[in-house]
Amino acid sequence: MSNALLQLTGVTKTFGGIHALSGMVCEVPEGKIVGVIGPNGAGKTTLFNTITGAYRADAGEVKLKGVDVTQWPSYRIVREGIARTFQNIRLFGSMTVWEHLLVAQPHSESAWRRLLPISWANPAAQARAEEVMEFFGLTELRDRPAKSLPYGIQRKVEMARAVTARPKLLLLDEPVAGMNHDEAEEIRALMIRLRDTGLTILLIEHDMNFVMRLCDYLYVLDFGVLIAEGRPEDVRTNPVVLDAYLGKDD
Amino acid sequence: MLIQQLVNGLTLGAVYTLLALSFSLVMGILGILNLAIAELFMIGGYLGFTLITAGFPLPVAVLGGMLGAAAIAIAIEKIGYQPLRDAPLVTPMLSTLGFSIILQNVATNIWGSDPAQLPDEYFGKQYALGPINIGEMQLIVLVATVVLVAVVAYIVQKTPMGRALRAVAENREVARILGVSADRLTMLAFILSGSLAGVAGVLIALHYGTITPYLGVEIGLKAIAVMVIGGTRQIWGALVAGPLIGIAEVLTVAYGGSQVRDFVVYGFMILILLLRPQGLLGGARSDQGQRV
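Not measured: the values here are computed from a predicted model. (Residues numbered from 1 in each chain as written. Chains lettered and ligands numbered in written order. Predicted model: local features only at pLDDT ≥ 70, side-chain atom pairs only at ≥ 80, totals over all residues. Heavy atoms only, no water.)

1. Considerations on the overall build of chain B
Here comes step 1: The secondary structure content of chain B amounts to 12 helices and 4 strands.
Here comes step 2: Here the C-alpha coordinates of chain B stretch approximately 55 × 40 × 35 Å along the principal axes.
Here comes step 3: Across the 292 residues in chain B, those meeting the buried criterion constitute 51%.
Here comes step 4: Expressed as a percentage of contacts within chain B between residues at least 6 apart in sequence, the contacts between residues at least 24 apart total 77%.
Here comes step 5: Only carbon and sulfur atoms are counted for the fraction: they give 68% of the accessible area of chain B, which is about 12200 Å². (Helix = DSSP H or I, 4+ residues; strand = E, 2+ residues; numbered from the N terminus. Buried < 20%, exposed > 50% of the residue type's maximum accessible area, 1.4 Å probe, protein only. Contact = heavy atoms within 4.5 Å. Areas by Shrake-Rupley, 256 points an atom, 1.4 Å probe, with all protein chains shown as cover.)

Pasting the structure below:
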């Protein structure tokens, strides 16, 4: 596939002799939603950390739009257009929803302008924040500090924050963990709307049903090894997957 | 008499507030105590003192103390903090302790260890407000404190720069992931903090009309107690704790004798640490979010 936004070849990451990831190969085509599934400890979060440069791969290559970014520092990869959310929500507790969306656009003001009030410093950043708030249905909650918001809303704020800087690729680490069915459906609808705006999404998920009805393509990991891949309907019936993942209690 | 003591205590408390803000700007963002701040305060005091006795007007003296202290703060960040930022927290703290002793030594060599005195004619004017007397310099200290606190509040709360500072303070890693340049903001925190300490030094030196190289140890370190009492993670706690400690200290000296002064201040700090570690203002600590 030549239109792959993200391409991993033979990516390996070891922690003290344990292979968290071994020889991971995957591709994320532009404009698609791709899922990575697997039992706990399968190496899913390690995969994200390696893509964003938080971990350095021991072997293999991570390519973004054909450019090898394996050895790049985290901030360069981020500026190149990858944004992420975390399995455990990591918001700035005392900052408001509105402030989260502004702080996510850090390179939008020249140095001296950073000492002006936001309305003068950068109307464009403000407009973008308004737009994202609207898209995520957060406008009403604009001035609420993040820690005062319900869990499901916090997840949305984290997604909104990640999207604000207009990334090309959005990495979502268990975006519906701990959510009830209705909340999860809302997030699913949001993700589809995001994809329709041209954003490419790679997500890690535990909830099989959720990914089956959302993703265009799936990768299945077990103990750091890619054991299957394919379209959701094929993966669902793959005996290797059933054995490794669905057959087990998690 | 009591009201007069309250005014005196408020003036001292104002300086504590500025210094405690200076400590907590660095503490809040990096989690380290920059012990050299007390000496930046002392050096700032000497610079202002020197400029005033050389005949410069007050604003020049304040600016001089501020810029001098900020410049040293930059050096401390570059030499004493940056190379050690990945080390355990105690390491950069020890390096700032080293800096503080060196700075005290430098001051002793330049200005001597005897107290320098300001001639009486400077800022000696007294205004009578009913039963109380307010000195010209006391008024300047109080007004300057209000202005500086407002400036810091504006920068931290209202500007893009302050927002980025708060983001780094709350979660450095996530701020980085969002592309916030944590290193540049660290430097900025040192500069802001050093400037505040420098101004506080000029103000207190001119208020007392005398200064020694031990000003940092005598007064500067007390701001750490003020910060703890206000709450280390709540930089605005200093607004309450500063005047409180200033007044408590002045009243202790007036009615109990100066020999128990430090006992009261530091004793109160230990009590707070034991009974209310989140500080007087309490409430939610900014480091306790839904993060785990």
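2. Describing the pairing of strand β3 (residues 132-135) of chain B
Residues and elements named next belong to chain B.
Here comes step 1: Across 4 bridges, the pairing between strand β2 (residues 126-129) and β3 is antiparallel. Paired with Y127 across the bridge in β3 is I134.
Here comes step 2: Here β2 folds back onto β3, and the loop between the two strands holds 2 residues, one of which, G130, carries a positive phi near 60°. (Pairing = 2+ DSSP bridges.)

3. With respect to the interface of chain A and chain B
Here comes step 1: Taken together, the 32 residues of chain A in the interface contact 24 residues of chain B.
Here comes step 2: By the criterion of area lost to chain B, the three top residues of chain A are A:F92, A:R114 and A:L115, representing 23% of everything that side buries.
Here comes step 3: Viewed at the interface, chain B and chain A are joined by 1 salt bridge.
Here comes step 4: A salt bridge links A:E99 to B:R166, with the shortest nitrogen-to-oxygen separation between them at 2.7 Å.
Here comes step 5: There are 3 residue pairs in polar contact (both at pLDDT 80 or more) connecting chain A and chain B.
Here comes step 6: Classifying every residue of the side of chain A that touches chain B gives 16 nonpolar, 7 polar and 9 charged. (Buried area = accessible area lost by both parts, 1.4 Å probe. Salt bridge = Lys/Arg side-chain N within 4 Å of Asp/Glu carboxyl O. Polar contact = N/O pair within 3.5 Å; in protein donor to acceptor, adjacent residues only side chain to side chain. Nonpolar A, V, L, I, M, F, W, Y, C, P; charged D, E, K, R; others polar.)

4. Here we look at the confidence of the model for chain B
Here comes step 1: Per-residue pLDDT for chain B averages 87, and the proportion of residues at 70 or more is 95%.
Here comes step 2: Here residues 284-292 of chain B scores under 50 on pLDDT; set against residues more than four positions off or in separate chains, the count is 16 contacts. (pLDDT = per-residue confidence, 0-100.)

5. Side note on a nonpolar patch on the surface
Residue and element names in this part refer to chain B.
Here comes step 1: On the surface, a nonpolar cluster with roughly 450 Å² of combined accessible area is contributed by M1, L2, L6 and Y255.
Here comes step 2: On the secondary structure map, L2 appears in helix α1 (residues 2-30).
Here comes step 3: Looking at L2, the relative accessible area reads 46%, which means it is partly exposed. (Patch = residues over 30% accessible without salt bridge, like charges linked within 9 Å, V, L, I, M, F, W, Y side chains within 5 Å.)

6. Structural notes on the packing of helix α2 (residues 37-53) of chain B against helix α8 (residues 182-208) of chain B
Residue and element names in this part refer to chain B.
Here comes step 1: The geometry of α2 relative to α8 is characterised by a closest axis approach of 6 Å and an angle of 55° between their N-to-C directions. With respect to α8, the element α2 is oriented oblique. In this structure, α2 crosses over α8, and the sense of that crossing is right-handed. For the pair α2 and α8, the contacting residues are I37, L40, F41, G44, G45, G48, F49 and I52 in the first and S193, G194, A197, G198, A200, G201, V202, I204, A205 and L206 in the second.
Here comes step 2: Among the residues making up the contact of α2 with α8, the classes are represented as 11 nonpolar, 7 polar and no charged. (Axes fitted to C-alpha atoms, helices over the stretch in contact; angles between N-to-C directions. Parallel < 35°, antiparallel > 145°, perpendicular 65-115°, else oblique. Left-handed = near helix turned anticlockwise from the far one by under 90°.)

7. What about the sheet that holds strand β1 (residues 4-15) of chain A?
Residue and element names in this part refer to chain A.
Here comes step 1: If you walk across this open sheet you meet the 4 strands as β2-β1-β4-β5, and the pairing is antiparallel. Among the strands making up the open sheet, the edge pair consists of β2 (18-29) and β5 (67-68).
Here comes step 2: Bridge count for strand β4 (residues 59-64) against β5 is 2 bridges, and the pairing is antiparallel. Bridge pairing in β5 links K63 to D68.
Here comes step 3: Here helix α1 (residues 44-51) sits on the sheet in contact with β1 and β2, set at roughly 115° to β1.

8. Some remarks on the packing of aromatic side chains
Here comes step 1: Inspection of the entire model under this criterion finds 5 aromatic pairs over all chains.
Here comes step 2: Judged by centre distance (5.2 Å) and plane angle (75°), the ring pair of A:F15 and A:Y55 falls under edge-to-face. One end of the pair, A:F15, is in strand β1; the other, A:Y55, is in the loop between α1 and β4, with 40 residues separating them in the sequence.
Here comes step 3: For A:Y55, a relative accessible area of 29% gives the class partly exposed.
Here comes step 4: Aromatic pair B:Y46 and B:W111: ring centres 4.3 Å apart, planes at 5°, arrangement stacked. (Phe/Tyr/Trp six-rings, centres within 6.5 Å; stacked < 30°, edge-to-face > 60°.)

9. Brief notes about the packing of α1(B) against α2(B)
Residue and element names in this part refer to chain B.
Here comes step 1: Their axes nearest at 10 Å, the elements α1 and α2 cross at an angle of 135°. Compared by their axis directions, α1 and α2 come out oblique. Where α1 crosses over α2, the handedness of that crossing is right-handed. Contact residues: V15, L19, S22, F23 and V26 in α1; I37, A38 and F41 in α2.
Here comes step 2: Among the residues forming the contact of α1 with α2, the class breakdown is 7 nonpolar, 1 polar and no charged.

10. So, helix α7 (residues 181-196) of chain A
All names here are of chain A.
Here comes step 1: In this model, α7 (16 residues) spans 23 Å end to end at C-alpha, consistent with the 22 Å of a helix rising 1.5 Å per residue.
Here comes step 2: Those residues of α7 lying buried are A184, I187, R188, L190, M191 and L194. An end-on view of α7 places all buried positions within 165° of arc, on one side of the element. α7 presents H181, D182 and D196 as exposed residues on the side facing more than 90 degrees away from its buried surface.
Here comes step 3: Looking at the packing, one finds that the buried side of α7 touches β3 (33-37), α5 (123-136), α6 (151-164), β7 (169-173), β8 (200-205) and α8 (208-212).
Here comes step 4: Where α7 begins, the capping side chain belongs to N180, and its oxygen is found 3.1 Å from the backbone nitrogen of D182.
Here comes step 5: In the stretch just after α7, G198 is the one whose phi turns positive, near 105°. (Expected span 1.5 Å × (residues − 1). Arc of directions from axis to C-beta.)

11. Considerations on the sheet that holds β8(A)
All names here are of chain A.
Here comes step 1: Taken together, 6 strands build an open sheet; the order of strands is β6-β7-β8-β3-β9-β10 and the sheet is mixed. At either end of the open sheet lies a strand with only one pairing partner, and these are β6 (82-84) and β10 (225-230). Neighbour-to-neighbour, the strand axes of the sheet open up by a mean angle of 20°, direction not taken into account.
Here comes step 2: Where α1 meets the sheet, its contacts fall on β3, β6, β7, β8 and β9 (217-222), and the angle it forms with β8 comes to roughly 145°.

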